[in-house]
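Architecture at a glance
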Amino acid sequence: MSSRALSFFMVLFFALAIPSTAIAGFSKNMSNKRKMKKAETYFTYSDFEAALPIFLDMLRDSPDNWKLNYRIGVCYYYSTTSRPNSVSYLRKALNSSGK
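What this report covers is the structure whose coordinates are included nearby. On a predicted model such as this, the values are computed, not experimentally measured, just so you know.

Criteria and thresholds
Each residue is numbered by its place in its chain's sequence as written, counting from 1. Residue-level local features of this predicted model are given only where pLDDT is at least 70; pairs of side-chain atoms are given and counted only at 80 or more, and the full residue set underlies all totals for whole chains, interfaces and linings. As a rule here, side-chain values come from all non-hydrogen atoms in the structure, and water together with hydrogens is ignored. Aromatic pairing here means that ring centres of Phe, Tyr or Trp (its six-membered ring) are within 6.5 Å. Orientation follows from the plane angle: under 30 degrees is stacked, over 60 is edge-to-face, and everything else is tilted. Secondary structure is summarised from DSSP: a helix means a run of H or I of at least four residues, a strand means a run of E of at least two, and numbering begins at the N terminus for each. Relative accessibility under 20% of the residue-type maximum defines a buried residue, over 50% an exposed one, and the middle range a partly exposed one, all with a 1.4 Å probe and only protein chains included. To sit over a ring, a charge needs its Lys NZ or Arg CZ within 6 Å of the ring centre and within 35 degrees of the ring normal. Any Lys or Arg side-chain nitrogen located within 4 Å of an Asp or Glu carboxyl oxygen qualifies as a salt bridge.

**As for the packing of aromatic side chains**
A full pass over the atoms with the stated rule returns five aromatic pairs. Measuring from ring centre to ring centre gives 6.0 Å for Phe43 and Phe55, while their planes differ by 75°; the resulting arrangement is edge-to-face. Of this pair, Phe43 sits in helix α1 (residues 3-44) while Phe55 sits in helix α2 (residues 48-59), and the two are 12 residues apart along the sequence. Exposure class is identical for Phe43 and Phe55. Each is buried. Here the aromatic cluster, defined as three or more aromatic residues joined through ring pairs, consists of Phe43, Phe48, Phe55, Tyr77 and Tyr78. Across the ring face of Tyr77, the terminal group of Arg83 is positioned such that the distance to the ring centre comes to 4.1 Å.

Have a look at this one:
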């Protein structure tokens, strides 16, 4: 294969590969924004049971996020059966908020 053909295929490969990874990252970011907005709406209207699984899902991507830990702690606090679970999340939020 000539160097000219090889150069062409390399340019073609990178031209196709880079935008697809950028689009995938953008799509995930938009998805997370939608999730957060939905969870925040539930949280604002005290529907903690609906907000909790969304916050927990988002926490997998950023476990040290103080705001998510706080929101999860509050959701557990207002739960009728899982109130003790709130303590660890609220502590983590408190310890992470100063960073």
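**Digging into unusual backbone geometry**
In this structure, Ser46 takes a positive phi of about 60° despite not being glycine. Judged by relative accessible area, which is 49%, Ser46 ranks as partly exposed.

**Observations concerning the pattern of salt bridges**
Applying the stated criterion across every chain yields a total of four salt bridges. One salt bridge connects Asp57 with Lys35, and the closest N-O pair in it is separated by 2.6 Å. One end of the pair, Asp57, is in helix α2; the other, Lys35, is in helix α1, with 22 residues separating them in the sequence. Exposure remark for Asp57: the relative accessible area of 24% places this residue in the partly exposed category. Here Asp64 ties to Lys92 by a salt bridge, and the two come within 3.5 Å at their closest N and O atoms.

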